[in-house]
Amino acid sequence: AVTQFTLDASFVDIWDTEAATAKCGAIKQEYPMYINVDVITKLKESVNSDSRADYTTNQNFLNALENDMMVITDPYYVEHKETMAIDIYAPIHTMDITKSVLGVLYLQVDVNYFSDVVSKIHIGQTGYAFVVDKNGFVIGSNNPENVKNQLNYVTSQPGTPLADAITAATRGGEGFANVTIDGAGKYIYYSPVPDSNGWACIMVANPAEHTSAIYTSVLIGAIAAIVCFAITVFIILKVVEDKANNV
């Protein structure tokens with residue numbers, strides 16, 4: 001689906017520098033979640049005349065181009081924006097039967113957008129959700145500082161039930177666990193986020209706020225959180241398609 005939207009977005013004529021530059025600029029202007037948008041040819045050159053980035057040795061770009069695959073990076077700090085971001089590299093294919101790779105669409109996404117979505121999810125009075133990437137780094141949280149500080153329970157609390165649950169979720173597992181977060185006992189439900197390159201959603205509940213139906217409550221909340229976040233990831237890509245078609 002990620003690769004297909006590059007076709008629908010009319011980026012297939014990537015040698016048209018003027019059109020590509022206009023599309024990239026319009027997407028950035030209307031959707032502040034995108035810090036940067038670029039189109040890169042097989043010659044490793046940016047078609048967007050507003051960009052001066054050098055992709056010659058960019059391994060993420062090379063993986064997307066040479067292996068015909070979507071690449072999502074780990075979160076990192078963008079100093080001039082004072083925010084965390086992730087990069088998405090999506091191959092652009094020809095429209096003929098060969099589906100050859102023409103180049104790569106590059107999106108730099110502000111991770112705060114994920115936190116805005118996750119922070120609206122609650123279980124009880126103090127329950128909440130957070131999302132981690134494939135390495136366990138928090139990329140969506142009701143506390144933006146957890147994202148900015150690159151909180152990682154897997155590396156900071158190795159061998160604990162919380163770290164084990166997060167690791168299991170990033171590998172496709174799901175289930176319940178009794179864990180300790182910030183010194184307090186919590187119930188969690190963990191599950192992978194579909195079509196997200198190893199991301200996982202962790203739903204956290206306070207045992208004091210629930211009866212014996214705690215597992216059902218957490219499960220319902222977790223399903224809502226996972227679906228909500230999966231839709232968010234889809235929207236990030238879909239709005240590019242919708243905007244680009246109108247440029």
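Computed from a predicted model, the values in this text were never measured in an experiment. (Residues numbered from 1 in each chain as written. Predicted model: local features only at pLDDT ≥ 70, side-chain atom pairs only at ≥ 80, totals over all residues. Heavy atoms only, no water.)

Draft legend 1. Focus on the overall build of the chain. If you tally the helices and strands in the chain, you get 8 helices and 11 strands. Counting across all 247 residues of the chain, residues that qualify as buried make up 49%. For the chain, restricting intrachain contacts to residue pairs at least 6 apart in sequence, the fraction spanning at least 24 positions comes to 54%. Summed over all atoms, the accessible surface of the chain reaches about 11600 Å², with 51% contributed by carbon and sulfur. (Helix = DSSP H or I, 4+ residues; strand = E, 2+ residues; numbered from the N terminus. Buried < 20%, exposed > 50% of the residue type's maximum accessible area, 1.4 Å probe, protein only. Contact = heavy atoms within 4.5 Å. Areas by Shrake-Rupley, 256 points an atom, 1.4 Å probe, with all protein chains shown as cover.)

Draft legend 2. Fine view of the nonpolar core. The biggest cluster of nonpolar side chains holds 48 residues, and the ones touching the most others in it are Y34, F130, I188, W199 and I202. Formed by 11 residues, the second largest nonpolar core is a distinct cluster that contains F61, V101, V104 and Y106. (Core = buried A, V, L, I, M, F, W, Y, C linked by side-chain atoms within 4.5 Å.)

Draft legend 3. Local environment of the packing of aromatic side chains. Going through the model one piece at a time under the given rule, you end up with 7 aromatic pairs. Measuring from centroid to centroid gives 5.5 Å for F114 and W199, while their planes differ by 65 degrees, and the two rings are edge-to-face. In this pair, F114 is assigned in helix α4 (residues 112-118) and W199 in the loop between β10 (184-192) and β11 (200-205), connecting sequence segments 85 residues apart. By the burial criterion, F114 is buried, and W199 matches it. (Phe/Tyr/Trp six-rings, centres within 6.5 Å; stacked < 30°, edge-to-face > 60°.)

Draft legend 4. Quick peek at unusual backbone geometry. For E82, which is not glycine, the phi torsion reads 55 degrees and is therefore positive. Looking at where E82 falls in the secondary structure, it is placed in the loop between β3 (76-78) and β4 (83-93). The exposure class of E82 is exposed, given its relative accessible area of 61%. Of note in this structure, Q150 is not a glycine but carries a positive phi near 55 degrees. Along the chain, Q150 turns up in the loop between α5 (144-148) and α6 (153-156). On the basis of relative accessible area, Q150 is assigned to the partly exposed category, the value being 34%.

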